[in-house]
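Summary of structural features
Chain residues, written in single-letter form:
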Amino acid sequence: MFSEKDFTELKYTELIDLLSRTTQQYTARLATDRKWKGDDEKIYFLNLLMKEIELREKHS
């Protein structure tokens, strides 16, 4: 799992790709495993990733 500092080393397109892959994995798990209640760590990670993308979009 990445930390917020790790995002600075990724290009914008890599961030978008990472968000896409992570979201796809998370939603696939939600769709296929009815007993799974979610993953707080993964949600936190997705939020950090979206914030980094948003910051880059504002500063470009």
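Thresholds applied
Residues numbered from 1 in each chain as written. Predicted model: local features only at pLDDT ≥ 70, side-chain atom pairs only at ≥ 80, totals over all residues. Heavy atoms only, no water. Helix = DSSP H or I, 4+ residues; strand = E, 2+ residues; numbered from the N terminus. Expected span 1.5 Å × (residues − 1). Buried < 20%, exposed > 50% of the residue type's maximum accessible area, 1.4 Å probe, protein only. Arc of directions from axis to C-beta. Salt bridge = Lys/Arg side-chain N within 4 Å of Asp/Glu carboxyl O.

Turning to helix H2 (residues 12-32), a few remarks are in order. Here H2 contains 21 residues, and its C-alpha end-to-end distance of 30 Å stays within 8% of the 30 Å for a straight helix at 1.5 Å per residue. Among all positions of H2, only Leu15, Leu18, Leu19, Thr22 and Tyr26 are buried. Around the axis of H2, the buried residues are gathered within 100° of arc, so they sit on the same side. Residues of H2 that are exposed and point more than 90 degrees away from the buried face comprise Thr13, Gln24, Ala31 and Thr32.

Time to look at the pattern of salt bridges. The tally for this structure, following the rule as stated, stands at four salt bridges. Between Arg21 and Asp17 there is a salt bridge whose closest N-O contact spans 3.0 Å. Highlighted residues: Arg21 and Asp17, both in helix H2, separated by four residues, approximately one helical turn. We classify Arg21 as partly exposed; its relative accessible area is 40%. In this structure Asp17 comes out as partly exposed when scored by relative accessible area, which is 40%. We note a salt bridge from Asp33 to Arg29, for which the minimum N-O separation is 3.6 Å. Judged by its relative accessible area of 27%, Asp33 falls in the partly exposed class.

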